[in-house]
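Architecture at a glance
Now for the letters of each chain:
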2 protein chains.
Amino acid sequence: MEESVRGLWTEARELINPLGADSDSGGIERLESPPSPLQFLRDFVSPNKPVIISSVATRHWPAISRSLWSDDSYLRRALSGRSVSVHLTPDGRADALVSSPSKDGLCFASAFVQSMDFAEALRLIETTGEDSSPVVAYAQQQDDCLRGEYAAVAGDVDAHIPWATEAIGFLPEAVNLWIGNARSHTSYHKDHYENLYAVITGEKHFLLLPPTEVHRLYVRDYPAARYIASSKENGGELKLKLELEEPETMVPWCSVDPYPASDEALSEQISSFPLYFNGRKPFQCTVRAGEILYLPSMWFHHVTQSPDDNGRTIAVNYWYDMQFDLKYAYYNFLQSINLKCLSAVASTQGHDRHSAKQDCKSSEP
Amino acid sequence: MEESVRGLWTEARELINPLGADSDSGGIERLESPPSPLQFLRDFVSPNKPVIISSVATRHWPAISRSLWSDDSYLRRALSGRSVSVHLTPDGRADALVSSPSKDGLCFASAFVQSMDFAEALRLIETTGEDSSPVVAYAQQQDDCLRGEYAAVAGDVDAHIPWATEAIGFLPEAVNLWIGNARSHTSYHKDHYENLYAVITGEKHFLLLPPTEVHRLYVRDYPAARYIASSKENGGELKLKLELEEPETMVPWCSVDPYPASDEALSEQISSFPLYFNGRKPFQCTVRAGEILYLPSMWFHHVTQSPDDNGRTIAVNYWYDMQFDLKYAYYNFLQSINLKCLSAVASTQGHDRHSAKQDCKSSEP
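Before going into details, it helps to say that this report is about the structure given with it. Every value quoted in this text rests on a predicted model; they were computed, and no experiment measured them. (Residues numbered from 1 in each chain as written. Chains lettered and ligands numbered in written order. Predicted model: local features only at pLDDT ≥ 70, side-chain atom pairs only at ≥ 80, totals over all residues. Heavy atoms only, no water.)

1. Observations concerning the pattern of salt bridges
Residues and elements named next belong to chain A. Counted only if it meets this: Definition used for salt bridges: Asp or Glu carboxyl oxygen within 4 Å of a side-chain nitrogen of Lys or Arg. Residue exposure (1.4 Å probe, protein chains only): buried if accessible area is under 20% of the type maximum, exposed if over 50%, otherwise partly exposed. Put simply, DSSP H or I for four residues or longer makes a helix, DSSP E for two residues or longer makes a strand, and each gets a number counted from the N terminus.
Counting across every chain of the model gives 32 salt bridges over all chains. Linking R93 and D91 is a salt bridge whose minimum nitrogen-to-oxygen distance equals 3.4 Å. Overall, the relative accessible area of 30% leaves D91 in the partly exposed class. Across the pair R183 and D131 runs a salt bridge, and its minimum N-O distance is 3.8 Å. Of this pair, R183 sits in the loop between β9 (174–180) and β10 (185–189) while D131 sits in the loop between α5 (118–127) and β8 (136–140), and the two are 52 residues apart along the sequence. According to the relative accessible area criterion, D131 is exposed, its value standing at 67%. One salt-bridge network, held together by shared partners, links R13, E213 and R216.

Spelled out as structure tokens, the structure:
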């Protein structure tokens, strides 16, 4: 079985990009001009293949062409008096695995979400970019926030990506705005959406793994936890405390951290997750201001960012409903296969074959 | 593993057609007018989903609108003096499994292919439609024959299917003509092409199984054989004899015969291939004169036909190169899984575990 799964990894990589992830472009194709709807559907959405489209696609967006979103005074004026949702964490890692507050092992930590005046959010994002800050702020809310909290500036970008809308056949389900600093990053996960990810200022750095490689990320169940704000001490500085959800709630999440904080942590990652660290590199790309990444549904992605001169990265992503087709059924099938299964049965002795068989039941991570 | 594969079968069926194969339409969607290229690509090619398009799509084809291909005198005149390839078998089953001529078991039998004057081919197709005829003739050649042997009548149909060509992005690789009688049928197989199958006269009856159900067809290796013409006896009647290829050549082929000739053969089929006969029905549809079936790449299909008033069924199929994408990699992975594997290991006792492990190696049927 392991051999079959490895064969799938290799074949899928070759079909996605014969050059491989190690090529100069990190394995992601780039288009110099926006594709036609048919080309986008045929060459990228249908084969589930990422692509970066050059800034020609967005040069008519006022947010970019008139540099509106690089201009603090414009943003403050346009969003004056608006409340926005800011995600607060101690280290920029929300929706990520961290040490559990009350037992051994890891938990899945959600940010503390605070609604605040936009000017205050902008100030926090700037000041919490310093490594010394005990909190990191990330203005985001994956609830169509561009058309909600940020409606006042929504006209500065296109309401949808016209060639994607025509290809996919309907308007985006959600359009989200993201304003963060260099410390925020997003751990490996996948979404059930076709994602058009446009960077407005700064840069986003993506690691991408195709859905065929789900086993390399060791998706396991972790107890859910969330940061809560403890009383402000020492002149009002916010302090965050992690609490497990009660009653206990389990969240399936990718175990791999591609950029562990220390050499020791890296060693532990390598020995725990050899399929990731000893295998082929993920596809890797940087999306610059004005560019759009098509991030296909079901692809695992890890995201970090580099700020603009104002210390910020701003992006807008368009989520289109995905089509649930044969690829999706195949993915669920692949995911249901426990890779340890055959080797466990093969290595077991007669006396404990029963327990090995238990391990071999289909898992649904 | 079996449970996972069964889960895949169920989920893929639900995604292809929530109504299922047992619905009135046999599970195949019908369109009253030709789709736009985008619709065809998005709703059918990309999700790998069959569809029948009404005769509106072909009403401008002279072969149909002027009934040219139902007219013997027209066909004879237009193709006068042309040689065409005729496939001859004892029973209408070419590229099918039949009893091996020299050992136990089955072999994969190819037709005896004879080049003859078109008028003679037409006569043979008519006369060999009788059950008493010891030979069945089928004029066909899957080598782009409409634009080759039948070039003189190629203008009676469209050279390609315009909305399919625009969707797929290039012209068909091959366009084939098929002229047969009620006795010819085609055993379960799949093609690495997107297939647009237009019936001109008579009807074609398809059984269709999605690629996810490959294990239900018990693809196994069979020795290749071919019919050869033995000396004409008794006043010139053709006699066919089956010979195994030398040196032995193995052909992987679907073992299931959905319409066995006798009750005894049916019982044997049911006990040998329970996953097919005890499982969900295949999708089932009839394509009538003027209609086009989109038969997606990699779908298994079995074809029989009903003749027109002249005793013939005539069809033209357009083969477009398929896109080798994630679906294809997933298919190869699925096919590499030996379904007997886990149950064999689970049921084995300590002393013969080694041989069970041997069985569990990935198979490539």
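That was the structure; now back to the text.
2. Quick word on the packing of helix α2 (residues 37–45) of chain A against helix α2 (residues 37–45) of chain B
Quick reminder of the rule: For helices, the axis comes from a line fit to the C-alpha atoms of the stretch in contact; other axes are also lines fit to C-alpha atoms, and the angle between any two N-to-C directions lies between 0 and 180 degrees. Relative orientations are named as follows: roughly parallel for angles under 35 degrees, roughly antiparallel for angles over 145 degrees, roughly perpendicular for angles from 65 to 115 degrees, and oblique for any other angle. Handedness of a helix crossing follows the sense of rotation of the near helix relative to the far helix, less than a right angle counterclockwise being left-handed and clockwise being right-handed. Residue contacts are defined here by distance: any two heavy atoms, one from each residue, within 4.5 Å place the two residues in contact.
Put simply, α2 of chain A and α2 of chain B touch, their axes get as near as 10 Å, and they point 25° apart. As summarised for this structure, α2 of chain A and α2 of chain B are arranged roughly parallel, according to the angle between their axes. Relative to α2 of chain B, α2 of chain A is oriented so that their crossing is left-handed. Listed contacts from α2 of chain B to P37, L38, L41 and R42 of chain A of α2 of chain A are P37, L38, L41 and R42 of chain B.

3. Details of the sheet that holds β9 of chain A
Residue and element names in this part refer to chain A. Rules: Pairing between two strands requires that DSSP report at least two bridges joining them.
The mixed open sheet is built from 9 strands, whose spatial order is β1-β2-β17-β11-β19-β9-β8-β3-β7. Looking along the sheet, the strands with just one partner apiece sit at the ends: β1 (29–31) and β7 (112–117). The sheet shows a mean angle of 25° between the axes of neighbouring strands, direction not considered. Here strand β11 (residues 193–201) runs beside strand β19 (residues 313–321); their pairing, made up of 8 bridges, is antiparallel. Paired with T201 across the strands is I314, a residue of β19.

4. Here's the deal with the packing of aromatic side chains
Going by this rule: Each aromatic pair joins two rings of Phe, Tyr and Trp (for Trp, the six-membered one) with centres within 6.5 Å, and gets the label stacked for planes under 30 degrees apart, edge-to-face for over 60, and tilted for any other angle.
Taken as a whole and judged by the stated rule, the model has 30 aromatic pairs over all chains. Consider the rings of F333 of chain A and F333 of chain B, whose centres lie 6.0 Å apart with planes at 45°: the pair is tilted. Within this pair, whereas F333 of chain A is found in helix α9 (residues 326–336), its partner F333 of chain B is found in helix α9 (residues 326–336), the two belonging to separate chains. Residues F333 of chain A and F333 of chain B agree in their burial class; the two are buried. Taking 4.6 Å as the distance between ring centres and 55° as the angle between the ring planes, the aromatic pair formed by F108 of chain B and W253 of chain B counts as tilted. One end of the pair, F108 of chain B, is in strand β6 (residues 106–110); the other, W253 of chain B, is in strand β15 (residues 250–254), and 145 residues separate them in sequence. As far as burial versus exposure is concerned, F108 of chain B and W253 of chain B are alike and both buried. In textbook terms, an aromatic cluster arises when at least three aromatic residues are bridged by ring pairs, as seen for Y138, W178, Y197 and F206 of chain A.

5. Here we look at the environment of K327 of chain B
Among the secondary structure elements, K327 of chain B is positioned in helix α9. Overall, K327 of chain B belongs to the buried group, its relative accessible area being 10%. Sequence separation between K327 of chain B and I228 of chain B is 99 residues; the distance between their C-alpha atoms is 39 Å. With residues up to four places along the chain from it excluded, the contact list for K327 of chain B reads S46, L326, K327 and Y330 of chain A together with V45, S46 and N48 of chain B.

6. Quick notes on the sheet that holds strand β10 (residues 185–189) of chain B
Either a parallel or an antiparallel arrangement is found when strands of a sheet pair, and the pairing is made through backbone hydrogen bonds. Residues and elements named next belong to chain B. Judged by pairing direction, the sheet is mixed, and its 5 strands sit side by side in the order β4-β10-β18-β12-β16 without closing on themselves. Unpaired on one side and paired on the other, β4 (93–94) and β16 (283–288) mark the two borders of the sheet. Note that strand β12 (residues 203–209) and strand β18 (residues 300–306) share 7 bridges and pair antiparallel. Bridge assignment links L208 to a residue of β18, and that residue is H301.

7. Structural notes on the side chain of D191 of chain B
Residues and elements named next belong to chain B. To keep things clear, this is the line we draw: Only four residue types enter the tally: Lys and Arg on the positive side, Asp and Glu on the negative side, with His and both chain ends excluded.
For D191, the position within the fold is in the loop between β10 and β11 (193–201). There is no salt bridge for the buried D191, and the closest opposite charge comes from K190, which lies 8.4 Å off by N-O distance. Excluding residues that lie within four positions of it along the chain, D191 makes contacts with S297, M298, H301 and W319.

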